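Structural description and commentary
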Protein chains: 2
Amino acid sequence: MIEAAPNPVTTVMRALADPTRRAVFERVFESKEISVAELTRGSGVTQGAISQHLKSLKQAGLVAERAEGRNVYYRAAPQGLEPLVTWMDHYGVFWRERFQNLRDLLKEIDP
Amino acid sequence: MIEAAPNPVTTVMRALADPTRRAVFERVFESKEISVAELTRGSGVTQGAISQHLKSLKQAGLVAERAEGRNVYYRAAPQGLEPLVTWMDHYGVFWRERFQNLRDLLKEIDP
DNA sequence: CTAATTCATTAGTAAATACTAATTTATCGA
DNA sequence: TCGATAAATTAGTATTTACTAATGAATTAG
């Protein structure tokens, strides 16, 4: 019963580590809004599985929902990626690589 | 035997999703180089467990090793984070938020 | 009301995972 | 040469996880 709440980074990473669940997130993101039935379609898994994945994603703060009639529409909540961004930021990866790209770009524009 | 090689994003996410293993990566990163014995120290798990985690991290391309005598020194390979960066980049999170930071920074330097 | 649809939840299962304890291989120092 | 130390590997285990099939709860349509 000692439910040590896991680190947000852990929660988000775990949510996105599973390929099926990550694919669900990607589809939700690409659609502005999408119902569970539509997500199930062509997902290769059952509707129950999709609901379970959505629950994980929601707990991780990666999606939000809106109920309408008997449908529930999900949308992405990219702010949920924030813990990942913060974590990775700590490793300087972004600035290094992205500024390199930026520098290349600028050189191209104005050599 | 049909060893469907998992997506690099999956490999990296999975490697970092476990708190213990992520902590190992963090410690490796903070030290320029660190031996397995030292990593084991105060990790809360056995030396065997640490070696297993290092193996995962290595397969994910997140660490590299150098053997010297009976020690093996590990160092971080932050380029291993590249698949994550690329994946997240697709979601526009970085540029939006980071440019905000950049703007703040510039304002500070040259108000 | 009844039948159909949508989604969530449950119980059960097979596979994956994180660990330990023990062993193995290698290197070092006395 | 021996004993000690470092690290990897192995076998075994308990827990977690991703799934299915089935059921439940709510909403809509005929």
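The structure we're discussing is the one just above.
Residues numbered from 1 in each chain as written. Chains lettered and ligands numbered in written order. Predicted model: local features only at pLDDT ≥ 70, side-chain atom pairs only at ≥ 80, totals over all residues. Heavy atoms only, no water.

**Let's talk about the protein's contact with DNA strand D**
What counts, and what does not: If even one non-hydrogen atom of a residue comes within 4 Å of a molecule or strand, that residue is called near it. Here a polar contact is taken to be a pair of N or O atoms separated by no more than 3.5 Å, where protein atoms must pair a possible hydrogen donor with a possible acceptor and residues adjacent in sequence count only if both atoms sit in side chains. Runs of H or I in DSSP of at least four residues are treated as helices and runs of E of at least two as strands, each being numbered from the N terminus. For this scheme, ten residues count as nonpolar: Ala, Val, Leu, Ile, Met, Phe, Trp, Tyr, Cys and Pro. Four count as charged, namely Asp, Glu, Lys and Arg, and the remainder, Gly too, count as polar.
Among the 23 residues in the neighbourhood of DNA strand D, the closest are listed as His-53 of chain A together with Ala-37, Gln-47, Ser-51 and Tyr-74 of chain B. Counting only atoms of DNA strand D within 4 Å of the protein, the sugar-phosphate share comes to 60%. With respect to DNA strand D, the side chain of Thr-20 of chain A contributes an N or O atom lying 3.0 Å from a phosphate oxygen. For DNA strand D, a phosphate oxygen lies 3.1 Å from a polar atom in the side chain of Arg-21 of chain A. The set of elements that each furnish at least two residues to the surface near DNA strand D consists of helix 2 (19–30) and helix 4 (47–59) of chain A together with helix 3 (36–40), helix 4 (47–59) and strand 3 (71–76) of chain B. Looking at which element gives the most residues to the surface near DNA strand D, the answer is helix 4 of chain B, with 4 residues. Broken down by class, the residue content of the surface near DNA strand D amounts to 6 nonpolar, 12 polar and 5 charged.

**What about the nonpolar core?**
What counts is decided by this rule: To define a nonpolar core, start from buried Ala, Val, Leu, Ile, Met, Phe, Trp, Tyr and Cys residues and group those joined through side-chain atoms within 4.5 Å. The cut-offs for exposure are 20% and 50% of the maximum accessible area for each residue type, with area from a 1.4 Å probe on protein chains only; residues under the lower value are buried, those over the upper are exposed, and the others partly exposed. Throughout, a contact is declared for two residues whenever any of their heavy atoms are within 4.5 Å.
Residues Phe-25 of chain A together with Leu-16 of chain B are the most contacted members of the largest nonpolar core, which totals 51 residues. Those residues within four positions of Leu-16 of chain B in sequence are excluded, and the remaining contacts are Met-13 and Trp-87 of chain A together with Arg-22, Phe-25, Leu-57, Leu-62, Leu-81 and Leu-84 of chain B.

**A short note on the side chain of Thr-10 of chain A**
By the secondary structure assignment, Thr-10 of chain A is in helix 1 (residues 8–17). A distance of 2.7 Å separates the side chain of Thr-10 of chain A from the side chain of Arg-22 of chain B, its partner in a polar contact. Ignoring sequence-local partners within four residues, the contact set of Thr-10 of chain A consists of Ala-17, Pro-19 and Arg-22 of chain B.

**So, the sheet that holds strand 2 (residues 63–68) of chain A**
Think of a sheet as strands paired side by side through backbone hydrogen bonds, with each pair either parallel or antiparallel. Residue and element names in this part refer to chain A. Our working definition: Between any two strands, pairing holds if DSSP finds at least two bridges. Convention adopted: a line fitted to C-alpha atoms gives each axis, helices being fitted over their contacting stretch, and angles between N-to-C directions are expressed from 0 to 180 degrees.
Spatially, the 3 strands line up as an open sheet ordered 1-3-2, and their pairing is antiparallel. Of all the strands in the sheet, just strand 1 (34–35) and strand 2 have a single pairing partner and so form its edges. Two elements, strand 2 and strand 3 (residues 71–76), share 6 bridges in a ladder whose sense is antiparallel. For Ala-64, the partnering residue across the bridge sits in strand 3 and is Arg-75. Lying on the sheet, helix 2 is in contact with strand 1, strand 2 and strand 3; it crosses strand 3 at an angle near 90°.

**Topic: the packing of aromatic side chains**
Filter applied, for reference: When two rings of Phe, Tyr or Trp (its six-membered ring) have centres within 6.5 Å they constitute a pair, described as stacked for plane angles under 30 degrees, edge-to-face for angles over 60, and tilted for the intermediate range.
Across all of its chains, the model carries 7 aromatic pairs over all chains by this definition. Between Phe-29 of chain A and Tyr-91 of chain B, the aromatic rings sit 4.5 Å apart at their centres with planes inclined by 85°, giving edge-to-face as the arrangement. Remark: Tyr-91 of chain B occurs in the loop between helix 5 (82–89) and helix 6 (93–109) and Phe-29 of chain A occurs in helix 2; the pair is interchain, linking two chains. Residue classification places Phe-29 of chain A among the partly exposed positions, given a relative accessible area of 26%. Relative accessible area serves as the criterion here: at 4%, Tyr-91 of chain B is assigned to the buried category. Aromatic side chains Trp-87 of chain B and Tyr-91 of chain B sit 4.7 Å apart centroid to centroid with 55° between the ring planes, which places their arrangement in the tilted category. Just as Trp-87 of chain B is buried, Tyr-91 of chain B falls in that class too. In this structure an aromatic cluster arises from ring pairing among Phe-25 and Phe-29 of chain A together with Trp-87 and Tyr-91 of chain B.

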